[in-house]
Amino acid sequence: MNKNTTNNAIWMCAGGLLGLLIVMALAGMVLLFLWPSGNAGKSSAVRASEGELKAAAPLEAETQIKSEIQIAGSGTVSSQEDTGEEEKLTSDYIIPDSDSKLLTDADIEGLSARELNYAKNEIYARHGRMFDSAELKEYFESKSWYSGVYSASEFDEMSSSILNETEKKNAEFLKEAENELEPGGYKLDQ
């Protein structure tokens, strides 16, 4: 045998051993993950994961309660005090992106006529519209982002130049959806 053949044989053996060690390490890791599940095998581990996911998913009733709290309360639904400012502001809105995204039926699914009315007025409130309605005034003044600048009549005169096209279309869409749920729209201050 010449020197090159011997070197090649040594490298091939070393490569084979390294490959065998990698396979054994992977097999050991798989066993470590499966070992705690006992004799029941992989299916019980999967069932446990599905159960954990179901337990973590919010119930429909919890989602409805959260929505009602957002409308009636301060708007901050988070129970953690260290929530980022941006997240607080986002949770302070009924529809956070109604100023930048055309809304669809899916975006308003499950909203009441009252919530649709508030969402429509939220578009105006973002631009500083003040409200004559005591109900809307109280609601928007509870929001951290709201600052009333224009009287209702001033805003109505300038709204075409203040609102962008997306906001105009969304306000009309929300008004139509509100009227579908409650002919004549939600009655404020009642």
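Up top you'll find the structure we're talking about.
Residues numbered from 1 in each chain as written. Predicted model: local features only at pLDDT ≥ 70, side-chain atom pairs only at ≥ 80, totals over all residues. Heavy atoms only, no water.

## Description of the packing of helix H6 (residues 113–125) against helix H7 (residues 134–141)
Spelled out, the test is: All axes are obtained by fitting lines to C-alpha atoms, using only the stretch in contact for helices, and the reported angles, taken between N-to-C directions, cover 0 to 180 degrees. Secondary structure elements are defined from DSSP: runs of H or I of at least 4 residues count as helices, runs of E of at least 2 residues count as strands, and each element is numbered from the N terminus. Note on angle classes: values under 35 degrees are labelled roughly parallel, values over 145 roughly antiparallel, values of 65 to 115 roughly perpendicular, and the remainder oblique. Each crossing gets its handedness from the near helix: less than a right angle anticlockwise from the far helix is left-handed, clockwise is right-handed. Contacts between residues were defined by any pair of non-hydrogen atoms, one from each residue, lying within 4.5 Å. Classes in brief: Ala, Val, Leu, Ile, Met, Phe, Trp, Tyr, Cys and Pro nonpolar; Asp, Glu, Lys and Arg charged; the others, Gly included, polar.
The contact between H6 and H7 brings their axes to 11 Å, and the two run at 65°. Judged by the inter-axis angle, H6 sits roughly perpendicular to H7. Every pair of crossing elements has a handedness; the one defined by H6 and H7 is right-handed. Here Arg114, Asn117, Tyr118, Asn121, Glu122 and Ala125 of H6 lie close against H7, whose contacting residues are Glu135, Leu136, Tyr139 and Phe140. Split by residue class, the contact of H6 with H7 holds five nonpolar, two polar and three charged.

## Some thoughts on helix H8 (residues 152–162)
The α-helix advances 3.6 residues per turn, and as a result positions three or four apart in sequence lie on the same side. Our working rule: Summary of the burial criterion: residues with accessible area below 20% of their type's maximum are buried, those above 50% are exposed, and those between are partly exposed, where the area comes from a 1.4 Å probe applied to protein chains only. Read the arc as the range of directions from the helix axis to the C-beta atoms.
Residues of H8 that are buried: Ala152, Phe155 and Ser159. The buried residues of H8 occupy an angular sector of 55° when projected down its axis, which confines them to one face. Those residues of H8 that are exposed and angled more than 90 degrees off the buried face are Glu157, Ser160 and Ser161. Where H8 is buried, its residues touch H6 and helix H9 (165–181).

## Examining the pattern of salt bridges
For clarity, the threshold we go by: We define a salt bridge as a side-chain nitrogen of Lys or Arg found within 4 Å of a carboxyl oxygen belonging to Asp or Glu.
Across all of its chains, the model carries seven salt bridges by this definition. The salt bridge partner of Glu135 is Arg114, with a shortest N-O separation of 3.9 Å. Here Arg114 lies in helix H6 and Glu135 lies in helix H7, a separation of 21 residues in the sequence. Of the residues examined, Glu135 reaches a relative accessible area of 15% and is grouped as buried.

## Quick notes on H6
What counts is decided by this rule: One less than the number of residues in a helix, times 1.5 Å, gives the span that helix is expected to have.
Taking 1.5 Å as the rise per residue, H6 with 13 residues should run 18 Å; its terminal C-alpha atoms sit 18 Å apart, in good agreement. In terms of burial, H6 is largely enclosed, as twelve of its 13 residues are buried. Turning to H6, its buried residues number three or more, namely Ala113, Glu115, Leu116, Asn117, Tyr118, Ala119, Lys120, Asn121, Glu122, Ile123, Tyr124 and Ala125.

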